[in-house]
Amino acid sequence: MFHLFRSRRQAYRIMLGVILTPIIITMVITLIPGIFGTGGTTTRDDTVLAQVGGEDITAQEAQFQLQDYVRTQRLPQGAYSFLAPRIVQDLVTDRVVQMEADRLGLTVTEDELAELLRTQMTFLFPDGNFVGKDQYAAFVQERFNKSIPDFEQSLRKDLALVKLRRLVTDGIVVPDSEVKAEFERRNEKVRIEYASISPASLQSSVSSTPAELQDYFQKHRVSYTLPERRSFQYLVIDDAAVASRVKITPEDLQRYYNENRDRFRVQDRVRVTHILFKTTDRTPDEIKKIEAKAQDVLKQVKAGKDFAALAKEYSDDTPSATKGGEIGWVTHGQTVPEFEQKAFSLKPGEVSGLVKTQYGFHIIKVLDRENAHLKTFQEVEPAIRQELARDRGDTEKTKLADAARAAANRHPQDLAAAGRDVGLPVLTAKLLDRSSPVPGVGTDPALADSIFSGVKGSVLGPVSLTGKSVVAVITDVQPSRPAEFSEVAEKVKSDCNRAKTQEAATARAKQLLEKAQSLGGDLKKAAKGFGVDAKTSDLFTRDGSIPGLGSASILKDAFTAPAHSIQGPATAGLDQVVYKITERVPADMSLYEGESKMIRENILSQRQNEAFEIFKDALRERMKKQGKIKMYQDRIDRFIASNRG
């Protein structure tokens, strides 16, 4: 939370760069949150994937949205392949819905736009005052890569879509009876007695004959496929390969110091720890109570109580609180004026009184301070040597990797000769599949992608990995093929025995169920005869869990079958469970009033979402029949294929 009390100008810039308001997320009813359509072009070429009402949806537009979504949601690169088809469909649907909003004349006034910015983007109006056009433009450019007019036009379109959604869904209501029924369903509880039969306990009694193994293999042959495997020779360019090539003389170090003196100048700075009592968005009465609490903690500090312990217990600045309140080194201009003035007035070890800033009350302690000075050459020599070694090492690695590639191209049939040309040893990998670790390199998706993309005899690389590069020549390719029994005999045996133990566990659980029923529902007695213990759960709801079993959802009949009945077998992981419903407790209706509003809102939101999805599907089908939607499937297929990693 250190950014919360940086200087006002810096704080605004940080907030503008990272805050994505809920209204922007929810306004676009699509897979891609926070990104607005920019309209079509009139170009009719291979980049046009679809047309809606004469407007183009291009591959560039789809690619931008795909990349932005993967980046903002921090998804792996592999997500491209399954998101790409949905992207195109969502862009078409968004354009269809926008056309309908335009047809119905759902426009947005200047007052409505201003109210949206004021109420939903409050960070643009600290203390009720607009941050200014420059800061506003910086936010729009940084987050959306748009000018203010384009951004506001996008907001108008999206607000029109909100109006359309309301037009479609505002008539939906949720009856009280349905809310009550859902409350009862959510809050009803049961308690069970249960016994588990584990397949692992039956392993010693299960074996498979050669004939059974062959039969299992034939029935599941499609599951036994040997992956494509490849052999290759390769050169590894890493720190060890370039160590002898990097030379750093004392003159190099001194020259770097002389040419970069400004980098080694230290400003006046203090190392600060603090305890923050936030007062933002609090009433005057609440602020008085917070101040009283801060004064009490200050007295504890003055009395000698451990500052770090108090910060961990009381500070509202969570990130620094976990470190005992420490912020680190602070220079002039980094914090709001009140904080800076007090911090630079204290000597190491001194503690301030209460310091009031726009964020609340602070208790500040200075741990250390440094006056402005130029660090000596002796102080920074190790850091300079390390930086020069890293930079020159990276340069040498690049040069050596390029030289290795050139040498491999000269000797594609003899990588050993290429290795001699550049002074690198040649390594050999024999018949590895994609998941196999490469000796001296390990497992790396980028290297695997490169190795399995080439043909026999091709030179690949340099492939850049973490801290190293690889140049390789493919020497053999064995395509994926169905396995012969002898090649997977051990796996077949394991799989077959596992399946038989699972079947045995299910059969034994059914026997346990029948025995318990024959004993008049005495599950404990029946379980004892099967060598297992019956346990009793705590009360749980449909959305709850049972220790040792997992989610209550596995017990399908626990909330519908008669009380005291024996049920099962149910599958909990690998185990088979037989259970008895020992107690059923109705929902506590005294809690209904407190929860009914949330339940009603949840049901209503779900119904509205469903209704709007049905509306969009129907609208899309209608426009298809009217010939207003054109899909260029061959181009869409190419777009999807280009995003398969």
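A.B. asks: Where do I start with the nonpolar core in this structure?
C.D. replies: Soluble globular proteins tend to bury their nonpolar side chains together. L66, M121, F151 and F639 are the most contacted members of the largest nonpolar core, which totals 47 residues. For this core, the secondary-structure elements that each account for two or more residues are β1 (48-52), α3 (59-72), α4 (79-103), α5 (110-120), α6 (133-144), α7 (148-169), α21 (592-625) and α22 (633-642). Examining the composition of this core, we find that 11 residues originate from one element, α4, more than from any other. Beyond its immediate chain neighbours, meaning those up to four positions away, F639 contacts L49, A59, A62, Q63, L66, A84 and V88.

A.B. asks: Please explain the pairing of strand β10 (residues 360-370) as it appears in this structure.
C.D. replies: Looking along a regular strand, one sees the side chains alternate between the two faces of the sheet. Bridge count between strand β7 (residues 269-278) and β10: 10 bridges; the pairing is antiparallel. Following the sheet pairing, L276 is matched in β10 by H362. Where strand β9 (residues 351-357) lies against β10, 5 bridges are found, and the strand directions are antiparallel. Note that in β10 the partner of V351 across the bridge is K365.

A.B. asks: I would appreciate a short explanation of the side chain of E100 in the present structure.
C.D. replies: Structurally, E100 is set in helix α4. Owing to a relative accessible area of 5%, E100 belongs among the buried residues under this scheme. In this structure, E100 is in contact with L164, F615, L619 and R622, ignoring residues within four places of it in sequence.

A.B. asks: Is there a simple way to think about the sheet that holds strand β16 (residues 535-536) in this case?
C.D. replies: Two strands in a sheet stick together by hydrogen bonds in their backbones, pointing the same way (parallel) or opposite ways (antiparallel). With antiparallel pairing, 4 strands are arranged side by side in an open sheet as β16-β3-β20-β19. Single-partner strands in this sheet number two, and they are β16 and β19 (566-572). Alignment of strand β3 (residues 189-197) against β16, held across 2 bridges, turns out to be antiparallel. If you follow E193 over to β16, its bridge partner there is T536. With respect to the sheet, helix α19 (residues 489-518) is in contact with β3, β19 and β20 (575-585), its orientation differing from that of β19 by roughly 160 degrees.

A.B. asks: Just checking my understanding: could you explain the confidence of the model for the protein for this structure?
C.D. replies: Detailed conclusions should not be drawn from predicted coordinates in areas where pLDDT is low. The predicted model of the protein has a mean per-residue pLDDT of 86, with 92% of residues at 70 or higher. Note on residues 1-44: pLDDT under 50 across the span, and 122 contacts to partners over four residues away in sequence or across chains.

A.B. asks: How do you make sense of the pairing of β7 when you look at a structure like this?
C.D. replies: Across the 10 residues that make up β7, a large majority, 7, are buried. Pairing analysis gives 5 bridges linking β7 to strand β8 (residues 326-331), with the strands arranged antiparallel. Bridge pairing links V272 to G328 in β8.

A.B. asks: Whenever I open this one, empty space enclosed by the protein confuses me. Can you help?
C.D. replies: If you roll a probe as big as a water molecule over the atoms, it shows you where there is empty space left. Taken as a whole and judged by the stated rule, the model has 3 cavities of 30 Å³ or more. What the largest cavity holds in volume is close to 100 Å³. If you go around the largest cavity, you meet 13 residues; those closest to its centre are D433, R434, S436, V438 and A448. For the lining of the largest cavity, the element with the highest residue contribution is helix α18 (residues 445-451), accounting for 3 residues. Partitioning the lining of the largest cavity into residue classes produces 7 nonpolar, 3 polar and 3 charged.

Calculation notes
Within any chain, residue numbers begin from 1 and follow the written order of that chain's sequence. pLDDT decides what is reported in this predicted model: residues at 70 or higher carry local features, side-chain atom pairs at 80 or more are listed and counted, and totals for whole chains, interfaces and linings draw on all residues regardless. Working from all heavy atoms in the structure, the side-chain values ignore hydrogens and water. By convention a nonpolar core is built from buried Ala, Val, Leu, Ile, Met, Phe, Trp, Tyr and Cys residues, the set being connected through side-chain atoms within 4.5 Å. When a residue's accessible area, from a 1.4 Å probe over protein chains only, is under 20% of the maximum for its type it is buried; when over 50% it is exposed; and in between it is partly exposed. Counting from the N terminus, the helices are the DSSP runs of H or I reaching at least four residues and the strands are the DSSP runs of E reaching at least two. Any pair of residues with heavy atoms lying within 4.5 Å of one another is described as a contacting pair. DSSP-based pairing: two strands are paired if at least 2 bridges between them are found. To obtain an axis, a line is fitted to C-alpha atoms, over the contacting stretch when the element is a helix, and the angle between two such axes runs from 0 to 180 degrees between their N-to-C directions. The pLDDT value expresses, per residue, how confident the predictor is, ranging between 0 and 100. Here the term cavity refers to a set of points on a 1 Å grid, laid over the protein atoms alone, in which a 1.4 Å probe fits but cannot get out; the term pocket refers to an open set having protein on both sides within 12 Å along at least five of seven lines, with lining residues being those that place an atom within 4 Å of a point. Grid points are joined across faces, edges and corners, and a volume is the space filled by probe spheres set on the points. Throughout this entry, Asp, Glu, Lys and Arg are counted as charged residues, while Ala, Val, Leu, Ile, Met, Phe, Trp, Tyr, Cys and Pro are counted as nonpolar. The remaining residues, Gly among them, count as polar.

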